[in-house]
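Chain by chain, the residues:
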Amino acid sequence: MFNWLSLVTGLFYIVLGVVVIIYKFFFTILEPGVAYALGVLLILYGVFRIYRAISKIKNADHEK
């Protein structure tokens, strides 16, 4: 169950990163350079969470 929640969380981080890049807002108005950097960082973290969750799901299936 936790691994599936990690997938959803990863998707949330990706969407949040895209929103930060488009609207240049994250609790306050951001400069364009800061918005792009933060957005890319959030997207990369979301991809990392999804990758880690998928690898754990695959390992759990192999252990059974």
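Note that the structure is a prediction, hence the values are computed from the model and not measured.

J.: Could you give an account of the UniProt feature "transmembrane region" (unreviewed entry) in the chain, with specific residues and numbers?
T.: With numbering aligned to this structure, UniProt lists the feature "transmembrane region" (unreviewed entry) at residues 7-27 and 33-51. Span residues 7-27 is 81% helix and 0% strand, its end C-alpha atoms 24 Å apart. Span residues 33-51 is 100% helix and 0% strand, its end C-alpha atoms 27 Å apart.

J.: Before we move on, could you go through the packing of aromatic side chains and cite the residues and values that matter?
T.: Enumeration according to the criterion identifies four aromatic pairs in this entry. With a centroid separation of 4.9 Å and an interplanar angle of 70 degrees, the aromatic rings of F26 and F27 are classed as edge-to-face. Within the aromatic cluster, the residues linked to one another by ring pairs are F12, Y13, Y45 and F48.

J.: Explain the side chain of R49 to me, using residue names and the numbers behind them.
T.: In this structure, R49 sits in helix α2 (residues 32-63). Judged by its relative accessible area of 14%, R49 is buried. Setting aside residues no more than four positions away along its own chain, R49 makes contact with S6, T9, G10 and Y13.

Conventions used here
Residues numbered from 1 in each chain as written. Predicted model: local features only at pLDDT ≥ 70, side-chain atom pairs only at ≥ 80, totals over all residues. Heavy atoms only, no water. UniProt positions renumbered as here; feature names shortened; annotations may be inferred. Helix = DSSP H or I, 4+ residues; strand = E, 2+ residues; numbered from the N terminus. Phe/Tyr/Trp six-rings, centres within 6.5 Å; stacked < 30°, edge-to-face > 60°. Buried < 20%, exposed > 50% of the residue type's maximum accessible area, 1.4 Å probe, protein only. Contact = heavy atoms within 4.5 Å.

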